[in-house]
Structures are given as structure tokens and as C-alpha cells.
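# A structural walkthrough
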Protein chains: 2
Amino acid sequence: MTSQAAHRVAPTGLERSASADAERAARVLLARISEPEDPAVHRLLAETGDPVEAVAGLRAGHPKALASRLAARLERAEDADDVFIAERLGARILIPSDPDWPPGLLDLQMPPHCLWVLGPVALAPALRRSVALVGARAATAYGLDRAQEIAGGLVERHFTVVSGAAFGIDAAAHAGVLAADGVTIAVLACGIDRVYPTAHARLISTIAQTGAVVTELPPGSAPYRMRFLQRNRLIAAMTGGTVVIEAALRSGSLQTAARAADLGRPVGAVPGPVTSMPSSGCHQAIRDQLATLVTDAAEVADLVGGFGVDAVERPREAPRPEDALSPAQRAVFQVLPMGRSASVEMLAERAALDVLSVQASLGPLELVGLARRTGERWLRS
Amino acid sequence: MTSQAAHRVAPTGLERSASADAERAARVLLARISEPEDPAVHRLLAETGDPVEAVAGLRAGHPKALASRLAARLERAEDADDVFIAERLGARILIPSDPDWPPGLLDLQMPPHCLWVLGPVALAPALRRSVALVGARAATAYGLDRAQEIAGGLVERHFTVVSGAAFGIDAAAHAGVLAADGVTIAVLACGIDRVYPTAHARLISTIAQTGAVVTELPPGSAPYRMRFLQRNRLIAAMTGGTVVIEAALRSGSLQTAARAADLGRPVGAVPGPVTSMPSSGCHQAIRDQLATLVTDAAEVADLVGGFGVDAVERPREAPRPEDALSPAQRAVFQVLPMGRSASVEMLAERAALDVLSVQASLGPLELVGLARRTGERWLRS
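Criteria and thresholds
- Each chain has its residues counted from 1, running along the sequence as written.
- Following the order in which they are written, the chains are lettered starting with A and the ligands numbered starting with 1.
- With the structure being a predicted model, the display of local features is reserved for residues of pLDDT at least 70 and the display and counting of side-chain atom pairs for 80 or more, all residues being used for whole-chain, interface and lining totals.
- Side-chain measures were taken over the full set of non-hydrogen atoms in the model, leaving aside hydrogen atoms and water.
- Only runs of H or I of at least four residues qualify as helices and only runs of E of at least two qualify as strands under DSSP, and these elements are numbered from the N terminus.
- Here the globule rule is a power law, 2.2 Å times the number of residues to the power 0.38, and the radius of gyration is based on C-alpha atoms.
- In this scheme, a residue with accessible area under 20% of its type's maximum is buried, one over 50% is exposed, and one in between is partly exposed, where area comes from a 1.4 Å probe on protein chains only.
- Residue contacts are defined here by distance: any two heavy atoms, one from each residue, within 4.5 Å place the two residues in contact.
- Note on areas: Shrake-Rupley, 1.4 Å probe, and residue coverage restricted to the protein chains presented here.
- Residues below a pLDDT of 70 in either copy are left out; the C-alpha atoms of the rest, at least 70 in both, set the least-squares superposition of the copies.
- Each axis is a line fitted through C-alpha atoms, and for a helix only the stretch in contact is used; angles between axes span 0 to 180 degrees, taken between their N-to-C directions.
- Roughly parallel covers angles under 35 degrees, roughly antiparallel covers those over 145, roughly perpendicular covers 65 to 115, and oblique covers all other angles.
- Under this grouping Gly is polar, as are all residues other than the nonpolar Ala, Val, Leu, Ile, Met, Phe, Trp, Tyr, Cys and Pro and the charged Asp, Glu, Lys and Arg.
- What counts as a salt bridge is simple: a side-chain nitrogen of Lys or Arg found within 4 Å of a carboxyl oxygen of Asp or Glu.
- Among buried residues, the Ala, Val, Leu, Ile, Met, Phe, Trp, Tyr and Cys ones that are joined through side-chain atoms within 4.5 Å form a nonpolar core.
- Pairing between strands is defined by DSSP: at least two bridges between the two strands are required.

### Thoughts on the overall build of chain A
The helix and strand inventory of chain A stands at 18 helices and eleven strands. Against the 2.2 N^0.38 benchmark of 21 Å for 381 residues, chain A shows a C-alpha radius of gyration of 30 Å, more extended than a compact globule. Across its three principal axes, chain A shows a C-alpha extent of roughly 105 × 45 × 35 Å. Here chain A, with 381 residues, has 56% of them falling under the buried criterion. Pairs at least 24 residues apart make up 71% of the contacts formed inside chain A by residues separated by at least 6 positions. If you sum the accessible surface of chain A, you get close to 16400 Å²; carbon and sulfur atoms cover 55% of it.

Here it is, written out as C-alpha cells:
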């Protein structure tokens, strides 16, 4: 946090662009030589308050333990021309002081050093109104349908949908957005030049052409398991809220949800049949009060969106004529027979009301079409 | 409340049985001449603190408005010999001062004046550990299966299951208990001599032979709609908690749940597919925090049962060998290749660890069967 606050102090003129370039180079180097949530690196950044100084220190062998641990990667990283590589890939590199840096990432204790971004969409405005839809790779047809439908409903409500381009729920969420001509952002757990899973080459390339593909890992990085967990914190932090659609009991999706909750973001979970294993993580999250139960896009918007604007209308059944009745009218209606008719006295006795109240109630009941008179007797109409 | 407190003061000897008989007769008469939740009747009882005195007043025309309103029913009720009728039906009549009166009913603001009970089970001990299972008449196969299964699981856990003998969830819950040779109690919204719905004649008679059938309405009473809602408060109050299995958005089951919550009883709801209308009431109740999400009998027992005794074991997946790893071991495991092998130096660079840490980690990984050595190189085993 300290380091970012420092970066927001704006130098002027040439000094500014020179320092910005130096900072960008330092941050890209830090991304090259360390894993995303390396606590020693973030401790160093917090202490120096400046990535340029931190990198200079590491090059000079300080602090000793960290510099020695990262030495091999540092040596190799010096050869990489990341500005050139990014240009060749058509990607842009963002650092926290850039106006397009996703503001939500500033809430992270160990934020990314920089981001590689492919695609026409500007991140900061697109993420102002955004939801992460995440879930099981081994999803069911029920889960995939929910993901597509909720994603489409969120597009209608002008939300950007963020996910991880994985098999199952992630892919269905992205596809639901694309089918509705909306904006979707895929956050990868590998380099921007890598396609993982390879079967999603076309999906990821479509997202890169219409939305954005984002990663904090430098080009060439492979998708190790730890990197998925680290990637999840970006999805949780950059969005307004996270919704889990299907998730096994111990899964990356629930970890994303937990990280979102830790960051104070609203978390939703879609229920399903209790007999469906992929819904068990959702049910557990709701039971643990980690997540709010959500059933459709309107309820997701209500959870994540702005107050008032997105307030969901409570689902309800159509009002019935009986709803507007007084207690006496209701009591008379209850005892009105269906087939045979009854006298006012019989109705009074059945309802335990006096005759006058029954007479006073029958008129309004007739008026709204609930009672019918035959001679001196009454029945339901 | 005041009146009930008075009844617990125990007179002695003959005086006692004479006063008990008088009270019983007065309460049966009140049940005959008024509907269950008639506020004026309960106000009168609260004022006089004594049903015998209240009935004497009504017979003498006080209070005027109420006495005149109930006059026709009072006149007819004087002819009914309810002790004889109950005997002929094989039913017993309980009043609040009886030891078998369900203690939970004392929490109601407008408790029943008395109860008609058929069946071998003593109510008070059976209800000490009890759950109400309620839900939609128009239930789905999914809901019916859940009701049967949860009911069976509750029998295993020595719970009495209370429901309303209606079509759908109610019937499935009772049936689930009977199939497991457990104790179930049906609370009716009509007289004990009536069978509603008529298609459940055999179910209700089986319950009367093995458990108990209960109602606060005198013999001959028909099942009016209002009486179902009033009946629901008995189900909510006499049990340790209420669980809704499927329910439309505006339904009697949700009203039972709301009454249980008002009485401070725990309330559960079973989720289902969001595409299933009969699950929508359950989802709404969970969203409104009226109900806790429950997926099986163990979670119901956890919700309703005694602390400790019924604490549910959190569902979880089997532990994996990776779970016990240190952060360094985990990092090394992540970068261990699957097919080709890698040198310690390559692993150190990939994991951003120093060579010594990698070497220290590989031993334990080999030991737990996660890493395999080929010459000087390593891979996953």
C-alpha cells in the first residue's frame, strides 16, 4: 500500500516519463523474477516504498537471502526485452500508476507488480460495474445453463463479467456474455502468450478481440496450480462481487469466493439439487454465511450493483382477490360452501361471527366476484 | 400466559379433580364456540385468568359483544357431549394442565383451549426431540425424495417428525418415518373424526395406530382455509424446529416457518434447482435469513437438536498428500514436471526458491510418494 501511495505522487515533465519508464521496467522485472505472492518481495517493496530502489537493491545483492534466492531468475530476466515481447504479442503492460489500472487491485495486500493485457476494452471503466462468475470445471448441464443465463442477464444489466477461461462454469459464463454481445474479461494463470486450456484457444482469442485477457504472469509462464490460486485473488479483487455457480467442497472457486469476502466484496452462490455434488460447495458457502443465495441475474445485480439502481423486485405470486379482504370478509369467505348454498345464519355460526357482520361482508364479497347469492342463501361464485 | 400460570397452581384432593373437570369442560366448550385464534376470546381469557369463569360470563351474556356474536354456537354446543364423543372416537382430550400437554404450545400467544389426540404416543416426551417437516402439496419427485430421506434420517437420530398429513411433502415426510419405524405426529386442520384429504384415510389411520393424530378443533369441524393457517402455529410451536422442503413463494409452509421463527424456533429450508418453482419459497426464505440452508438429516439435527450431541460433521473431501506440505515443498511440487524430469537448478528457478530449499524439499516429497528421482533429475511420481 505504501509503495502505491508513493506512486500516486505525480512528478512533472520529462522527469515524470523517465521515472514512469523506470518504474515500469522495475515492475516487469519483479514479475519475471518472483512468483505473484512472494511475501519477501512484497516486504521489500513495503520497506523501500519504490520498486526501482527495490530492484536496484536486488541487483546489488540486498537483501541477501532474497537476492540469493532470486539470483538465477534475475540473471536470466536481464536478457528478456519485455517491452518488445509485449509489442510483438499485441499486449499492453499496465502498472498501478496507469489510469487504466483496475482500482479494486489496490485493495490487495500483495497486488500484482504489473498486468499484461490483450484486447480492446479499457479495464478500469469496464470493471466499475462488474461481477466475477466462477465455478466448477466438472460442472453439470444445470450449472452450465445457470452460468450462461446469469451471464446473459448481467450483460442486459450492463455488467462486465470476469472469469478464468477454465473448462465448465468459467467457459459457460464467458460464452453467455459473448452470445449476448457483452463485455467479458478472462484472467489467466499463465503468460498472455500461452493458451490454457488449449481447447479454449478460440474462446480466449474471441475474448481478446472483444473484451480483455489479463494476467500478472510474464509471457512464457506456465500454469502451475499455485498460480491458479494466486490468479483467483485478481478475479476477486478487480470485480464488484463474486458469484459461485457450482463448486466442489474444496475448490478454487470457493477460494476465490473466500478471497472476495476477505476483501469486503459481496459473494453469491447459486443453489442446486442437494443430490448434486457440484452444488455442495455452494450450499456449504451459504450455510457458512460466506455467500448469499442467488438464483438469477436480477438477484446478482441486487447483491453486487449500486444501491437502489439494482434493487431486485421480490419474487411474488400474482395478488389474489382474497388478499384485499377484511378479517370478517375473509372469515365469511372461508366458510362459504362451494356447491350447496348456506343461509346467513349458518355462515354466522360457522365463522363464529354475528349475523350483521356476515351480512355486511357478503356485499363486498359479491362485488369482487367471490360470493354468489341464490335467493336468500349464499355460496362461492 | 396468565391463565396458564394460574392452572399450574395445584389444588389438592377432590377439589382438584372437580376443578380439573370443570376446566376441561370449559375449555372444550370454548373450542366448540370459537375459532382457534379469536382475539376477543383470548382477551377474555387473559382478563378473567380462568376459562371456567370466562364461560360462565359468556353464558350470562358478558362481555356483551362477544357473547352475542357467539350466542348461536354456544346454544348448539350445550347439547354436545364432548366427553362421550371423544370416548366413542377413542380419542383423549388434553388441556394445558395435563402432564402430556406439549410444552412448546405454552409459547403461543393464543394457545389452543384443548387438544383432541388419537394414538398410542404420549405427546410431551415424543416432542422433546422433534422436527416439523412441511412443504408444498404440489411437490416434485425431488422434493418428495428429500422429505422421505430426511424423515428417515431423523428417525435414525431419534427425532419425532411432525407434519400436517397433506398431499405432497407432508405425506412423504410421514411415510418416510413410517418406513423407518419411527414416531410421527399429524396435526389436522379439522375434527379428529374427519379425514382430510380423504385420499389419506389410510395414512392418517396408520399414524393414529403408531404415533399420534392431533387437533384443536372439536369433532365434526370442517377444514376451512383459515384453519390450516391456525393449525400451522401448532406445528411450529410444538416442535423443536421447522424445516421447509419445497414451498411456493406464498404458501402455508412458509407461514409455518415464519411462525416458528417468531417463536424463536430454528427454521431450515432445503434448496433445489433454481429452475424449480416449488423450491423458490425455500430459496426466498434462505435469502431473507428466515431459514438456514439444510441439505440432509444430519444438518437438520445440527440445526434443531441439542448442542454437541447433534453437531454435524462438516462435509469435506478426503485429505490429499499435498495438504501436509510446507510452503516450500508445495512450491517445488507445483513445478515438478509430469513426464520429463528436471534438474534441481531448473526446479529452483521455476519455483523462485534457492537450490538448498529445493533439495531439502525433494526428500519429503519423495517420501510421501509425490516426487520421483531419475539419476540427478526429478519428476512427479
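Picking up where we left off.
### A closer look at the relation of the copies chain A and chain B
Superposing chain A onto chain B takes a rotation of 180° combined with a translation of 0.0 Å along the rotation axis, leaving an RMSD of 0.1 Å. Seen this way, the second copy is the image of the first under a two-fold rotation axis. The residues that chain A uses at the interface reappear at the interface of chain B in 100% of cases, marking a shared surface.

### Some words on the packing of helix 15 (residues 327-335) of chain B against helix 17 (residues 355-367) of chain B
All names here are of chain B. Direction vectors running N to C along helix 15 and helix 17 enclose 85°, while the axes themselves pass 9 Å from each other. Here helix 15 lies roughly perpendicular to helix 17, going by the angle between them. Taken together, the residues of helix 17 that come into contact with helix 15 (itself represented by Ala 328, Gln 329, Val 332 and Phe 333) are Val 358, Ser 361, Leu 362, Pro 364 and Leu 365. When grouped by side-chain class, the residues that make up the contact of helix 15 with helix 17 number seven nonpolar, two polar and no charged.

### Focus: the pattern of salt bridges
By the definition in use, this model includes 30 salt bridges over all chains. Between Glu349(B) and Arg76(A) there is a salt bridge, with its nearest N and O atoms 3.1 Å apart. Of this pair, Glu349(B) sits in helix 16 (residues 344-351) while Arg76(A) sits in helix 6 (residues 71-77), placing the two residues on different chains. When its relative accessible area of 56% is taken as the criterion, Arg76(A) is described as exposed. The closest approach of N and O atoms between Asp302(A) and Arg287(B), which form a salt bridge, is 3.7 Å. Of this pair, Asp302(A) sits in helix 15 (residues 297-304) while Arg287(B) is found in helix 13 (residues 277-287), placing the two residues in two different chains. We classify Asp302(A) as partly exposed; its relative accessible area is 29%. Members of the salt-bridge network, linked through shared partners, are Glu37(A), Glu216(A), Arg233(A) and Arg259(A).

### Quick notes on the nonpolar core
The nonpolar side chains of a soluble globular protein tend to be buried, and buried together. Among the nonpolar cores identified, the biggest contains 68 residues, and Leu115(A), Leu123(A), Ile185(A), Leu115(B), Leu123(B), Ile185(B) and Val214(B) are the most heavily contacted of them. Each residue touching Leu123(B), except ones within four places of it in the same chain, is listed here: Leu94(B), Asp100(B), Pro102(B), Leu115(B), Val117(B), Ile185(B), Ala212(B) and Val214(B).

### Considering the sheet that holds strand 9 (residues 292-293) of chain A
Residues and elements named next belong to chain A. Strand order in this open sheet of nine strands is 1-2-6-5-4-3-7-8-9, and the pairing throughout is mixed. The open sheet has two edge strands with one neighbour each: strand 1 (92-94) and strand 9. Bridge count between strand 7 (residues 242-244) and strand 8 (residues 267-269): three bridges; the pairing is parallel. The partner of Val 243 across the bridge, within strand 8, is Gly 268.

Functional significance is not addressed by these values, which are geometric in nature.
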